[in-house]
Amino acid sequence: MSLLTTQDIVRTYGKGSSQFQALRGVSLQIEQGESVAIVGKSGSGKSTLMHIMALLDQPTSGTITLNGQPTQNIKAKTLNKIRNQTFGFVFQQFFLNAKDSVLENVMLPLKIAGITGKKRREKALAAIEAVGLSEKKNNRASDLSGGQKQRVCIARALVNNPQIIFADEPTGNLDSNTSEIIENILFDLHQKHNITLIIVTHDDELAAKCQRQIQIKDGQIVAEKGEN
Amino acid sequence: MKFSDILRSANTNLWHNKGRTILTVVAVMIGALTIAITLGINNGVNDYVSKQVANVGRKDVMQIIPSTGADQKTDAPKKYDANRGSATDQENITPKKLKKLKAMKSLKNVQPIQDSSIDYVQGPNHSKYIIQAQPPTGVNVDLKQGRQAAKKGTNSEIVLASDYVKVLGFKSAKQAIGKTIKVAASAQATNQQTVVSAKIVGVRNPSILLAGQSIISQGLADKVSDINQTGLPAKMKQNYYGATATVKNPTDANIAKVKKQLADQGYQALTLQDTISNLRQIVNAITGVLIVFGAIALLAASFGVINTLYMSVRDRTREIGLMKALGLSRGKVFLTFSCESLLIGLIGSVMGILLAAGLGKILNQVAANSFLKGLAGFTLVQFTWSSVLLIVLVILLIAFLAGTLPARRAAKLDPMTALRYE
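Reading guide: rules and limits
As a convention, each chain's residues are numbered from 1 in the sequence order in which they are written. Written order decides the labels, with chains lettered from A and ligands numbered from 1. Selection of residues for local features in this predicted model requires a pLDDT of at least 70, selection of side-chain atom pairs for listing and counting requires 80 or more, and totals for whole chains, interfaces and linings are taken over all residues. Going along the chain from the N terminus, every DSSP run of H or I of four or more residues is numbered as a helix, and every run of E of two or more is numbered as a strand. Radius of gyration: over C-alpha atoms. The globule rule applied is 2.2 Å multiplied by the number of residues raised to the 0.38 power. For the purpose of contact definition, each residue receives a C-beta atom placed from its backbone, and two residues are in contact when these atoms lie within 7 Å. For the exposure call, what matters is how many other C-beta atoms sit within 10 Å of a residue's own: 20 or more marks it buried, 12 or fewer exposed, and in between partly exposed, using C-beta atoms placed from the backbone. Fitted lines through C-alpha atoms serve as axes, helices being fitted only where they are in contact, and the angles separating the N-to-C directions of these axes extend from 0 to 180 degrees. Helix crossings are classified by the rotation of the near helix relative to the far one: an anticlockwise turn of less than a right angle makes the crossing left-handed, while a clockwise turn makes it right-handed. Polarity classes work like this: nonpolar for Ala, Val, Leu, Ile, Met, Phe, Trp, Tyr, Cys and Pro, charged for Asp, Glu, Lys and Arg, and polar for all others, with Gly in that last group. Any two strands with at least two DSSP bridges between them are considered paired. Take the buried Ala, Val, Leu, Ile, Met, Phe, Trp, Tyr and Cys residues, join any whose C-beta atoms are within 7 Å, and the set you get is a nonpolar core. Where each domain starts and ends comes from a domain assignment, either automatic or drawn from a database. Confidence of the predictor at the level of single residues is captured by pLDDT, which takes values from 0 to 100.

Visitor: Help me out: how do you make sense of the overall build of chain A in this one?
Guide: A tally of regular secondary structure across chain A gives 7 helices and 10 strands. For 228 residues, the compact-globule estimate of 2.2 N^0.38 gives 17 Å, and the C-alpha radius of gyration of chain A, at 18 Å, lies within 12% of that figure. Judged by the C-alpha coordinates and their principal axes, chain A covers about 50 × 40 × 35 Å. Taking all contacts inside chain A whose residues are at least 6 apart in sequence as the whole, residues at least 24 apart take part in 70%.

Structure follows, in structure tokens:
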């Protein structure tokens with residue numbers, strides 16, 4: 001059973017003459033523990049695809065199944081829980097709360113999950129340690145370098161022990177040295193914890209490090225490389 | 001997300017932009033202050049009036065006096081009426097009329113009010129002072145010391161107006177209680193003066209009601225009246241300037257009905273409520289206007305709350321989007337922003353009330369030393385827990401309602417749009 005499958009996903013924005021098809025029938029399967037790169041130029045629809053797979057957006061038509069379950073009829077409450085506990089998110093622009101400490105930022109998903117007290121703190125500290133930022137745990141997020149910020153993001157994505165981490169251009173804002181550190185952390189987690197990685201990127205080097213590369217152009221899969 | 005976390009994050013967010021928050025809180029505070037002070041004054045005045053009247057159970061007593069012809073609108077000559085001479089203002093209640101009053105089914109305990117006129121009172125220092133005194137019917141006065149004068153029986157008792165304590169030669173109100181003073185009255189017919197003694201049973205607080213009046217017991221009033229009427233022809237003895245009566249089943253509707261009946265018969269009937277209702281009306285009118293001002297201030301403040309939160313939502317679009325992407329429900333997002341508006345309301349109203357309490361203290365001090373001087377027991381601004389609680393609750397409600405608009409916008413925010421950066 002595949003972890004995540006999409007079947008003929010179509011996503012249309014707008015109405016009438018201004019209608020625009022971002023995805024025109026995308027079908028793919030992702031297995032548990034895989035690392036998958038979704039590659040394409042900006043405007044190709046790769047981000048839209050990621051949003052739909054991460055259940056942040058609904059396709060205009062087509063179905064998504066997660067762990068064998070179709071997702072279109074899942075209630076909002078369950079959907080929130082899935083996003084909170086099954087998924088982790090890493091964004092190009094980090095989206096950290098600048099005025100909060102590293103620890104506070106990493107604790108955010110746990111707070112949302114309603115976990116409190118010691119348990120919350122311990123889990124967050126473990127995630128911070130996993131990205132090697134223990135010394136900076138009380139620093140304000142705004143005082144960190146770009147690479148450190150992205151490590152905080154990864155810790156935040158990691159803190160709920162997710163099945164899948166969605167990374168949207170995780171190294172897009174970083175120089176090549178820092179990019180490498182981030183990439184190493186991500187693939188390390190992928191291997192050690194068997195976390196499924198779905199990385200959206202236009203960086204071929206990063207894509208090459210994934211087990212599979214899916215090329216998107218004009219809302220359609222144009223090429224697929226790697227084992228399946 | 002646990003409620004404690006929501007509350008904490010609402011509080012943190014609120015103080016991320018101190019200037020904006022403080023200004024909004026000040027706006028709410030001004031509204032709360034105005035309303036609190038106004039309600040405080042209303043409480044203070046009405047509480048004082050009620051204390052003066054102490055009219056528990058005396059709502060049913062009315063004073064009935066013949067109408068003085070004030071309803072004569074024209075100066076045109078009027079036809080002669082056997083019961084009403086040309087000197088209309090000197091009209092009395094005759095025994096015949098009294099009988100008719102007593103026969104009214106809606107009234108009981110109809111008692112004539114004697115014309116009891118005291119010449120002077122004399123205390124231990126032998127100085128003589130004229131005094132204004134009235135029988136105790138239907139009146140319980142606010143006492144500084146002692147008890148009310150007896151409403152029945154033959155005991156000669158007096159409740160002194162507070163100014164008389166010192167001039168009659170007593171050191172204090174406390175010392176005066178139980179002492180005997182001389183009361184002199186004279187016969188209208190012969191001018192012969194008789195002195196009787198009366199026991200001081202109470203001393204009044206200074207008051208705006210029946211100001212300067214002393215109260216004599218029914219027994220003393222009877223004695224004085226007897227002295228006054230010594231030697232008068234029998235027919236004149238039994239003319240009274242008015243009567244008191246108790247209304248049976250004294251609902252407001254019944255009292256109004258009785259008043260109308262009496263008015264038809266040419267009487268004017270006043271309950272104690274009536275005598276003070278004018279005062280209350282004025283107080284309520286003034287405080288009503290002030291409360292409207294307070295409400296306008298609060299309305300303006302609620303727009304401040306709306307504006308503050310809209311800005312907050314805009315500033316934190318990404319944060320909200322992120323939290324929603326990470327699985328925070330719409331309801332909780334709404335709650336976070338509602339908590340912020342509630343906090344603004346809570347802080348503003350509590351500060352406004354504290355400020356009002358401080359200001360009230362100063363006002364009370366100023367009032368007690370100036371225009372309320374001598375009126376013991378008159379606290380101009382008075383706060384009751386119920387009114388304070390009411391103000392806080394109303395302001396919280398207003399703040400919550402104001403907050404719903406921005407909170408709804410935040411709750412409806414699409415995480416994808418919020419997180420888009422291409």
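Visitor: When you look at the overall build of chain B in this model, what are you seeing that I'm missing?
Guide: What chain B contains, in helices and strands, is 13 helices and 12 strands. For 422 residues, the compact-globule formula gives about 22 Å, and the C-alpha radius of gyration of chain B, at 32 Å, lies well above that figure. Principal axes of the C-alpha set define a box for chain B whose edges measure 115 × 55 × 40 Å. Looking at chain B as a whole, 37% of its 422 residues qualify as buried. In chain B, of all internal contacts separated by at least 6 residues, the share reaching a separation of at least 24 is 84%.

Visitor: Teacher, can you tell me more about the packing of helix H3 (residues 102–113) of chain A against helix H4 (residues 117–130) of chain A here?
Guide: When two helices pack together, their arrangement is given by the angle between their axes and by how far apart the axes lie. Residues and elements named next belong to chain A. At a minimum axis distance of 9 Å, the contact between H3 and H4 shows a crossing angle of 115 degrees. Pair H3 / H4 crosses with right-handed handedness. Each of Val102, Leu103, Val106, Met107 and Leu110 in H3 lies in contact with H4, whose residues at this interface are Arg120, Lys123, Ala124, Ala127 and Ile128. Looking at the contact of H3 with H4 residue by residue, the classes come out as 8 nonpolar, no polar and 2 charged.

Visitor: How should I be thinking about the pairing of strand E10 (residues 220–226) of chain A in this particular structure?
Guide: A regular strand places its side chains so that they alternate between the two faces of the sheet. All names here are of chain A. Strand direction decides the pairing type here: strand E9 (residues 212–217) and E10, joined by 6 bridges, are antiparallel. For glutamine 215, the partnering residue across the bridge sits in E10 and is alanine 223. What sits between E9 and E10 in their antiparallel hairpin is a turn of 2 residues, with aspartate 218 showing a positive phi close to 50 degrees.

Visitor: What should I look at first to understand the sheet that holds strand E8 (residues 196–201) of chain A in this one?
Guide: Two orientations exist for strands paired in a sheet by backbone hydrogen bonds: parallel and antiparallel. Residues and elements named next belong to chain A. Here 6 strands make up an open sheet; going across it, the order is E6-E7-E8-E3-E9-E10 and the pairing mixed. Both edges of this open sheet fall to strand E6 (87–91) and E10, since each of them pairs with a single strand only. Averaged over all neighbouring strand pairs, the angle between strand axes comes to 15 degrees, with direction disregarded. Across 5 bridges, the pairing between strand E7 (residues 164–168) and E8 is parallel. In the strand pairing of E8, aspartate 168 is matched with valine 200. Sitting on the sheet, helix H5 (residues 146–158) touches E6 and E7, and the angle it makes with E6 is about 165 degrees.

Visitor: I would appreciate a short explanation of the interface of chain A and chain B in the present structure.
Guide: Often the size quoted for an interface is simply the accessible area lost on bringing the parts together. Counting residues at the interface gives 23 residues for chain A, matched by 18 residues for chain B. Broken down by secondary-structure element, the contributors of at least two residues to the side of chain A that touches chain B are helix H2 (76–85), E6 and H3 of chain A. Along the lines of polarity and charge, the residues of the side of chain A that touches chain B split into 8 nonpolar, 9 polar and 6 charged.

Visitor: Teacher, can you tell me more about the pairing of strand E1 (residues 61–66) of chain B here?
Guide: Residue and element names in this part refer to chain B. Within E1, 5 of the 6 residues are buried, which leaves it mostly tucked inside the rest of the structure. By the bridge criterion, 4 bridges tie E1 to strand E11 (residues 242–247) in an arrangement that is antiparallel. Looking at E11, one finds that methionine 62 is bridged to alanine 245.

Visitor: Explain the nonpolar core to me, please; I cannot follow it from the model alone.
Guide: One recurring pattern in soluble globular proteins is that nonpolar side chains are buried together. One finds Ile38, Val106, Ala155 and Ile198 of chain A to be the most contacted residues of the largest nonpolar core, which totals 117 residues. Leaving out residues up to four positions away in the same chain, isoleucine 38 of chain A has contacts with Lys46, Leu49, Met50, Ile198, Val200, Ile214 and Ile216 of chain A.

Visitor: Sorry if this is basic, but what is going on with the domain arrangement of chain B here?
Guide: Split into domains, chain B comes out as domain 1 (3–53 + 278–419), domain 2 (61–113 + 240–249) and domain 3 (115–238). Using only C-alpha atoms to locate each centre, domain 1 of chain B and domain 3 of chain B end up separated by 53 Å.

Visitor: It is not clear to me how the sheet that holds strand E2 (residues 107–113) of chain B should be interpreted in this structure. Could you clarify?
Guide: All names here are of chain B. Spatially, 4 strands are ordered E2-E11-E1-E12 in an open sheet, and the strand pairing comes out antiparallel. Of all strands in the sheet, those with a lone pairing partner are E2 and strand E12 (267–271), marking the two edges. Averaged over all adjacent pairs, the angle separating strand axes in this sheet is 25 degrees, with direction ignored. Bridge count between E1 and E12: 5 bridges; the pairing is antiparallel. From the neighbouring strand, glutamine 63 faces E12, where its bridge partner is leucine 270.

Visitor: Explain the confidence of the model for chain B to me, please; I cannot follow it from the model alone.
Guide: If pLDDT is low for a region, its predicted coordinates should not be looked at in detail. Looking at chain B as a whole, the pLDDT averages 84, with 91% of positions reaching at least 70. Interface confidence in the predicted complex, given as ipTM, is 0.90; pTM for the same model is 0.71.

Visitor: Honestly, the packing of H3 of chain A against H5 of chain A in this entry has me stumped. Any pointers?
Guide: Residue and element names in this part refer to chain A. Two elements in contact, H3 and H5, have axes separated by 7 Å at closest approach and are oriented at 35 degrees. You can see that H3 and H5 cross each other, and the crossing is right-handed. Side by side, H3 and H5 meet where Val102, Asn105, Val106, Leu108 and Pro109 of the first sit next to Val152, Ala155 and Arg156 of the second. Residues that form the contact of H3 with H5 fall into these classes: 6 nonpolar, 1 polar and 1 charged.

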